[in-house]
Amino acid sequence: MQMDLSPQLRNEIWEWLIPQLEQHYANPKNVAVAPPLHQSEIRDFVRLPTETENLSPKEALNHVLTGLNNYLVHTSHPAYFGLFNPRASFAGILADVLTALYNPQMAAWSHAPFAAEVEQFMIEQIGQKMGYAVNSIDGNFTSGGQEANLTAVLCALTHHFPKIGYTGIRQLDKQPVLYCSEESHHSVMRAAMVTGIGLDFVRKISTTETSEISLSALEEQINADIANGLHPCLLVACMGATGTGAIDPIEELADIAQKYQLWLHADGAYGGALALSETHKKYIKGIERADSITFDAHKWLSVPMGAGMFITKHTSILSATFRIFADYMPKETMAEEIIDPFAHSIQWSRRFIGLKVYLSWLFYGWKGWEELIDEQMRKGDFLKEKLMEKGWVLKNHSPLPIACFMPAEKVEDTYPHETVQKVIRDGKAWISVYSVQKKPTIRACVTNYLTEETDIQDLVNTLETVR
Ligand SMILES: *Cc1c(COP(=O)(O)O)cnc(C)c1O
């Protein structure tokens with residue numbers, strides 16, 4: 001079996017494939033934003049090739065490209081106004097190609113020192129942008145916000161119960177409790193499920209009319225839990241909630257965390273990017289008081305999927321949480337400051353995730369990222385203005401480029417869902433439904449750096465037509 005194929009055939013494939021990829025990348029509007037989702041048709045397509053057919057590499061690639069073109073929501077399309085799934089930047093794509101080809105094994109520092117040092121450098125840099133002191137930053141790259149939030153829960157548990165890794169959760173004399181707002185991402189709930197804390201001990205605190213965590217309800221709940229003999233452990237702050245973009249008052253939450261000795265985790269998977277903009281970082285001022293932060297480079301920084309970050313100012317907590325003795329792991333270096341990534345994170349064999357961020361930084365720089373964020377903030381304001389001009393009413397109150405809106409006139413509860421379906425079926429844009437204060441609304445978010453004012457104007461026109 002010649003897995004590598006011949007050099008000649010490889011060259012032929014590269015030369016044939018690259019122009020096709022460029023064609024797709026350069027013309028994001030040539031495809032419908034969303035395909036019809038006919039499961040049986042897609043299943044049949046996937047099962048179409050049979051082993052006996054023996055496709056040539058080009059035929060195989062053609063099959064796969066057809067599947068990718070026809071059966072995906074194209075988040076790379078400028079009229080994708082959906083969740084935080086931006087188009088993948090060119091630097092990010094190149095980095096993923098290089099990562100696949102060199103395939104560094106990042107479990108042990110000594111196997112991939114360049115990769116390990118690149119990741120540590122980017123963690124330090126982003127940590128400083130968040131406001132952490134230079135010499136007090138640790139962290140790791142994660143598959144995404146889910147793994148970063150799970151890491152936060154594990155660190156908080158270890159911080160409160162240093163022996164938990166050995167004794168297990170059943171030996172604790174008090175039940176740990178986790179606090180977050182109703183707007184928190186469900187990955188926080190999942191983290192409680194898989195760590196053994198249990199969903200019943202996640203307190204989803206009610207929110208104010210601007211969808212921020214209610215401070216009085218929070219303190220009341222903490223006091224009630226203490227009175228009931230429970231152990232308040234972790235407080236999660238939304239730094240840009242996924243639905244409404246709500247940003248919790250982090251300074252006040254930091255005071256409460258201090259008062260009750262809670263680990264404060266700032267979930268800035270999306271909104272954390274504001275730290276890179278001189279103009280807009282004010283919205284998350286105080287994030288540096290958090291014990292740890294989640295930040296997803298695959299959201300606002302537009303690198304391909306699978307690039308989260310967990311950053312903390314507690315430099316020994318990750319080792320305390322994850323170190324395990326494995327004598328088969330290579331240890332060619334004994335230097336003090338060497339940290340083997342496997343002893344420091346949930347993952348073991350690790351993909352070189354940080355390269356997408358490092359190469360983007362080399363290509364675009366802090367200035368490029370800042371422009372990206374400032375431009376999207378401006379376009380978000382443009383979207384909100386245009387909607388209001390047409391008499392739509394905004395239901396969320398976030399500075400982030402997210403609009404949750406409804407018509408001024410009274411409509412059925414099914415209205416948002418029906419409207420969104422009509423817009424999506426049209427294939428020209430993708431928007432979604434999100435419930436604000438338990439009432440469904442239409443949600444549109446500027447998340448693609450190619451989205452122009454004309455795309456926004458088109459969306460508003462389409463909404464008017466449907467209306
Ligand atoms: C997207 C998101 C997550 C989950 O991140 P993944 O990268 O999808 O794992 C967590 N928190 C917030 C606020 C998010 O927006």
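Scroll up to find the structure this text is about.
Residues numbered from 1 in each chain as written. Predicted model: local features only at pLDDT ≥ 70, side-chain atom pairs only at ≥ 80, totals over all residues. Heavy atoms only, no water.

### Comments concerning helix H4 (residues 90-102)
Helix length check: H4 (13 residues) gives 18 Å between terminal C-alpha atoms against 18 Å at 1.5 Å per residue, within 8%. Those residues of H4 that are buried lie in contact with helix H12 (354-389). Following H4 by one or two positions, Asn 103 adopts a phi angle in the positive range, close to 45°. (Helix = DSSP H or I, 4+ residues; strand = E, 2+ residues; numbered from the N terminus. Expected span 1.5 Å × (residues − 1). Contact = heavy atoms within 4.5 Å.)

### What about the environment of Ile 284?
By the element assignment, Ile 284 lies in the loop between strand S5 (263-267) and strand S6 (292-296). According to the relative accessible area criterion, Ile 284 is buried, its value standing at 2%. Note: C-alpha distance between Ile 284 and Pro 249 (35 residues apart in sequence) is 8.4 Å. Setting aside residues no more than four positions away along its own chain, Ile 284 makes contact with Met 239, Ile 247, Ile 250, Gly 271, Gly 272, Leu 274 and Ala 275. (Buried < 20%, exposed > 50% of the residue type's maximum accessible area, 1.4 Å probe, protein only.)

### A look at the environment of Leu 17
Examined against the element boundaries, Leu 17 turns out to sit in helix H1 (residues 7-26). C-alpha of Leu 17 to C-alpha of Leu 276: the two residues are 259 residues apart in sequence and 36 Å apart in space.

### What about the site of the ligand?
Neighbouring the ligand are 14 residues, the closest being Gly 145, Gln 146, Asp 267, Asp 296 and Lys 299. Within the contact set of the ligand, an oxygen atom lies 2.6 Å away from a side-chain nitrogen or oxygen of Asp 296. Coverage of the ligand by the protein chains reaches 84% of its 380 Å² of free accessible surface. The greatest single-element share of the shell around the ligand, amounting to three residues, is contributed by helix H6 (residues 145-160). Across the shell around the ligand, the residue classes break down as two nonpolar, nine polar and three charged. (Near = heavy atom within 4 Å. Polar contact = N/O pair within 3.5 Å; in protein donor to acceptor, adjacent residues only side chain to side chain. Areas by Shrake-Rupley, 256 points an atom, 1.4 Å probe, with all protein chains shown as cover. Nonpolar A, V, L, I, M, F, W, Y, C, P; charged D, E, K, R; others polar.)

### Observations concerning the packing of helix H5 (residues 113-130) against H12
Contact pair H5 / H12: the axes reach a minimum separation of 9 Å and the direction vectors enclose 40°. Relative to H12, the element H5 lies oblique. Like other packed secondary-structure pairs, H5 and H12 cross with a definite hand, here left-handed. Contacts between H5 and H12 pair Phe 114, Val 118, Glu 119, Phe 121, Met 122, Gln 125, Ile 126 and Lys 129 from the former with Gly 354, Val 357, Tyr 358, Trp 361, Trp 366 and Trp 369 from the latter. Among the residues forming the contact of H5 with H12, the class breakdown is 10 nonpolar, two polar and two charged. (Axes fitted to C-alpha atoms, helices over the stretch in contact; angles between N-to-C directions. Parallel < 35°, antiparallel > 145°, perpendicular 65-115°, else oblique. Left-handed = near helix turned anticlockwise from the far one by under 90°.)

### Here's the deal with the packing of aromatic side chains
Counted under the stated rule, the structure contains 15 aromatic pairs. With a centroid separation of 6.4 Å and 75° between ring planes, the pair formed by Phe 114 and Tyr 358 is classed as edge-to-face. You can see Phe 114 sitting in helix H5 and its partner Tyr 358 sitting in helix H12, a full 244 residues away along the chain. In this structure an aromatic cluster arises from ring pairing among Phe 114, Phe 121, Phe 352, Tyr 358, Trp 361, Trp 366 and Trp 369. Lying across the ring of Trp 366, Lys 129 places its NZ or CZ 4.6 Å from the centre. Geometry around Trp 392 places Arg 467 over its ring, the cationic atom sitting 4.4 Å from the centre. (Phe/Tyr/Trp six-rings, centres within 6.5 Å; stacked < 30°, edge-to-face > 60°. Lys NZ or Arg CZ within 6 Å of the ring centre and 35° of its normal.)

### Looking at the sheet that holds strand S2 (residues 176-181)
Pairing is mixed in the open sheet, where seven strands are placed in the order S1-S7-S6-S5-S4-S2-S3. Among the strands making up the open sheet, the edge pair consists of strand S1 (138-142) and strand S3 (202-205). Pairwise comparison of adjacent strand axes, ignoring direction, gives a mean angle of 20° for this sheet. Packing of H5 onto the sheet brings it into contact with S1, S6 and strand S7 (308-312), and relative to S7 it is tilted by some 65°. (Pairing = 2+ DSSP bridges.)

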